[in-house]
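A structural walkthrough
Residues per chain are reported as follows:
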Amino acid sequence: MYVYERSDLATTLYGLQIYPEYLRDVMVNDFIQRYCTGKFQIATKYDEKENQYLEINVEQKRGVDSVSESFIKKAEVAIKTAFKEKSSEYKELSSFVNDRPLFKLVFRALGDPEYFPAGIKQKWVKK
(Lines give C-alpha, C1' and ligand atoms only; values in the text may rest on other atoms or scores of the structure.)
Protein backbone atom coordinates (compact mmCIF):
# COMPACT_ATOMS: atom_id res chain seq x y z
CA MET A 1 0.00 0.00 0.00
CA TYR A 2 1.35 3.42 -0.91
CA VAL A 3 0.44 6.78 0.57
CA TYR A 4 -0.42 9.44 -1.99
CA GLU A 5 2.20 12.20 -2.39
CA ARG A 6 4.88 10.37 -0.38
CA SER A 7 8.30 10.57 -2.01
CA ASP A 8 10.21 8.59 0.60
CA LEU A 9 8.91 5.11 -0.18
CA ALA A 10 12.02 3.70 -1.85
CA THR A 11 15.34 4.50 -3.43
CA THR A 12 17.05 2.77 -6.31
CA LEU A 13 20.33 0.91 -6.62
CA TYR A 14 21.28 0.00 -10.18
CA GLY A 15 17.60 0.04 -11.09
CA LEU A 16 16.47 -2.04 -8.10
CA GLN A 17 13.86 -0.65 -5.73
CA ILE A 18 15.26 -0.61 -2.18
CA TYR A 19 12.54 -0.19 0.43
CA PRO A 20 13.03 0.97 4.04
CA GLU A 21 11.29 -2.23 5.20
CA TYR A 22 14.46 -4.12 4.26
CA LEU A 23 16.23 -2.33 7.13
CA ARG A 24 13.54 -1.95 9.77
CA ASP A 25 13.92 -5.41 11.30
CA VAL A 26 17.68 -4.95 11.53
CA MET A 27 17.37 -1.54 13.19
CA VAL A 28 15.18 -2.89 16.00
CA ASN A 29 17.60 -5.75 16.72
CA ASP A 30 18.83 -5.70 20.34
CA PHE A 31 22.45 -5.57 19.20
CA ILE A 32 21.85 -2.44 17.08
CA GLN A 33 19.64 -0.85 19.75
CA ARG A 34 22.54 -0.78 22.22
CA TYR A 35 24.17 2.00 20.17
CA CYS A 36 21.49 3.37 17.85
CA THR A 37 17.98 4.76 18.21
CA GLY A 38 16.57 2.72 15.33
CA LYS A 39 16.12 5.76 13.09
CA PHE A 40 17.77 5.56 9.70
CA GLN A 41 17.68 7.21 6.31
CA ILE A 42 18.86 5.77 3.00
CA ALA A 43 20.03 7.57 -0.12
CA THR A 44 21.59 6.52 -3.41
CA LYS A 45 25.09 7.96 -3.84
CA TYR A 46 27.98 7.60 -6.29
CA ASP A 47 31.65 6.97 -5.56
CA GLU A 48 34.59 8.55 -7.42
CA LYS A 49 34.26 5.92 -10.19
CA GLU A 50 30.51 6.64 -10.55
CA ASN A 51 29.54 3.30 -8.98
CA GLN A 52 26.25 3.45 -7.12
CA TYR A 53 25.94 2.60 -3.46
CA LEU A 54 23.43 3.17 -0.69
CA GLU A 55 24.35 5.56 2.06
CA ILE A 56 22.62 4.36 5.22
CA ASN A 57 22.56 7.10 7.83
CA VAL A 58 21.91 5.76 11.33
CA GLU A 59 21.11 7.85 14.40
CA GLN A 60 23.29 7.11 17.44
CA LYS A 61 21.85 7.05 20.94
CA ARG A 62 22.55 9.82 23.43
CA GLY A 63 25.99 9.36 24.97
CA VAL A 64 27.37 7.28 22.10
CA ASP A 65 30.26 9.22 20.60
CA SER A 66 31.61 6.49 18.35
CA VAL A 67 31.07 2.86 17.48
CA SER A 68 33.67 0.11 17.31
CA GLU A 69 34.86 -1.57 14.14
CA SER A 70 33.49 -4.90 15.41
CA PHE A 71 30.03 -3.34 15.85
CA ILE A 72 30.18 -1.88 12.32
CA LYS A 73 31.17 -5.26 10.84
CA LYS A 74 28.34 -7.07 12.66
CA ALA A 75 25.84 -4.41 11.59
CA GLU A 76 27.01 -4.65 7.97
CA VAL A 77 26.61 -8.44 8.00
CA ALA A 78 23.09 -8.12 9.45
CA ILE A 79 22.12 -5.55 6.79
CA LYS A 80 23.57 -7.61 3.91
CA THR A 81 21.72 -10.68 5.16
CA ALA A 82 18.43 -8.77 5.45
CA PHE A 83 18.78 -7.26 1.97
CA LYS A 84 19.53 -10.67 0.42
CA GLU A 85 16.62 -12.35 2.26
CA LYS A 86 14.10 -9.69 1.28
CA SER A 87 15.23 -8.96 -2.28
CA SER A 88 16.26 -11.65 -4.73
CA GLU A 89 17.31 -8.86 -7.10
CA TYR A 90 19.71 -7.47 -4.48
CA LYS A 91 21.07 -10.98 -3.91
CA GLU A 92 21.73 -11.33 -7.64
CA LEU A 93 23.30 -7.87 -7.85
CA SER A 94 25.60 -8.54 -4.89
CA SER A 95 26.95 -11.68 -6.55
CA PHE A 96 27.49 -9.75 -9.78
CA VAL A 97 29.50 -6.85 -8.28
CA ASN A 98 31.73 -9.19 -6.21
CA ASP A 99 33.61 -7.28 -3.52
CA ARG A 100 32.43 -3.78 -4.37
CA PRO A 101 30.41 -2.43 -1.43
CA LEU A 102 26.75 -1.75 -2.18
CA PHE A 103 26.17 0.32 0.93
CA LYS A 104 28.02 2.44 3.45
CA LEU A 105 26.96 2.98 7.05
CA VAL A 106 27.25 6.52 8.37
CA PHE A 107 26.60 7.10 12.06
CA ARG A 108 25.04 10.47 12.89
CA ALA A 109 24.64 12.24 16.22
CA LEU A 110 21.32 12.14 18.01
CA GLY A 111 19.00 14.74 16.48
CA ASP A 112 21.32 15.59 13.58
CA PRO A 113 19.46 18.55 12.01
CA GLU A 114 20.10 17.42 8.43
CA TYR A 115 19.07 13.77 8.83
CA PHE A 116 17.08 13.41 12.07
CA PRO A 117 15.62 16.80 13.06
CA ALA A 118 13.50 16.78 16.18
CA GLY A 119 9.78 17.42 15.99
CA ILE A 120 9.10 16.29 12.43
CA LYS A 121 8.26 12.93 10.91
CA GLN A 122 11.28 10.86 10.00
CA LYS A 123 12.11 10.56 6.30
CA TRP A 124 13.16 7.02 5.40
CA VAL A 125 14.60 7.94 2.01
CA LYS A 126 16.56 11.04 1.15
CA LYS A 127 16.20 12.19 -2.46
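Here the structure is shown first, and the text comes after it.
Keep in mind that this is a model prediction, so the values were computed, not measured.

What to know about the overall build of the protein
When its secondary structure is counted, the protein shows four helices and five strands. For 127 residues, the compact-globule estimate of 2.2 N^0.38 gives 14 Å, and the protein sits close to it at 14 Å. Seen through its C-alpha atoms, the protein measures out along the principal axes to roughly 40 × 40 × 30 Å. Nonlocal contacts in the protein, meaning residues at least 24 apart in sequence, comprise 67% of its contacts between residues at least 6 apart. Here the protein contributes 21 positively and 19 negatively charged side chains, and the mean placements of these two sets differ by 3 Å.

Re the side chain of Gln60
Relative to the assigned elements, Gln60 resides in strand β4 (residues 52-60). Taking the relative accessible area as the measure of exposure, Gln60 reaches 7% and is therefore buried. A distance of 3.1 Å separates a polar atom in the side chain of Gln60 from the backbone oxygen of Val64. The residues contacting Gln60, other than those within four sequence positions of it, are Tyr35, Cys36, Thr37, Asp65, Ser66, Val67, Phe107, Arg108, Ala109 and Leu110.

Notes on the sheet that holds β4
The strand order across the open sheet formed by three strands is β3-β4-β5, and the pairing between neighbours is mixed. In the strand order of this sheet, the two ends are held by β3 (36-46) and β5 (103-108), each with one partner. Between one strand axis and the next, the sheet turns by 25 degrees as a mean value, whatever way the strands run. Sheet topology note: the β3/β4 ladder contains eight bridges and is antiparallel. Bridged to Ile42 within β4 is Ile56. The sheet strands contacting helix α3 (residues 69-86) are β3, β4 and β5, and the helix crosses β5 at an angle near 130 degrees.

Examining the pattern of salt bridges
Scanning all chains against the criterion turns up five salt bridges. Its salt-bridge partner being Arg108, residue Glu55 comes within 3.9 Å of it at the nearest N-O pair. Remark: Arg108 occurs in strand β5 and Glu55 occurs in strand β4; sequence separation between them is 53 residues. Given the relative accessible area of 9%, Glu55 is considered buried. Under the relative-accessibility criterion, Arg108 is labelled buried at 19%. Between Lys126 and Glu114 there is a salt bridge; the shortest N-O distance is 3.3 Å. Taken together, the positions of Lys126 in the segment after β5 and Glu114 in the segment after β5 put the pair 12 residues apart, joining distant regions of the chain. A single salt-bridge network, built from bridges that share partners, covers Lys45, Glu55 and Arg108.

Regarding the side chain of Glu55
Side chain to side chain, Glu55 and Asn57 meet in a polar contact 3.1 Å long. The contact partners of Glu55, leaving out residues within four places of it in the chain, are Gln41, Ile42, Ala43, Lys45, Lys104, Val106, Arg108 and Tyr115.

Here is what the cut-offs are and how they apply
- Residues numbered from 1 in each chain as written.
- Predicted model: local features only at pLDDT ≥ 70, side-chain atom pairs only at ≥ 80, totals over all residues.
- Heavy atoms only, no water.
- Helix = DSSP H or I, 4+ residues; strand = E, 2+ residues; numbered from the N terminus.
- Rg over C-alpha atoms; globule rule 2.2 N^0.38 Å.
- Contact = heavy atoms within 4.5 Å.
- Lys, Arg positive; Asp, Glu negative; His and termini not counted.
- Charge placed at Lys NZ, Arg CZ, Asp CG, Glu CD.
- Buried < 20%, exposed > 50% of the residue type's maximum accessible area, 1.4 Å probe, protein only.
- Polar contact = N/O pair within 3.5 Å; in protein donor to acceptor, adjacent residues only side chain to side chain.
- Pairing = 2+ DSSP bridges.
- Axes fitted to C-alpha atoms, helices over the stretch in contact; angles between N-to-C directions.
- Salt bridge = Lys/Arg side-chain N within 4 Å of Asp/Glu carboxyl O.

Structural measurements only, silent on function.
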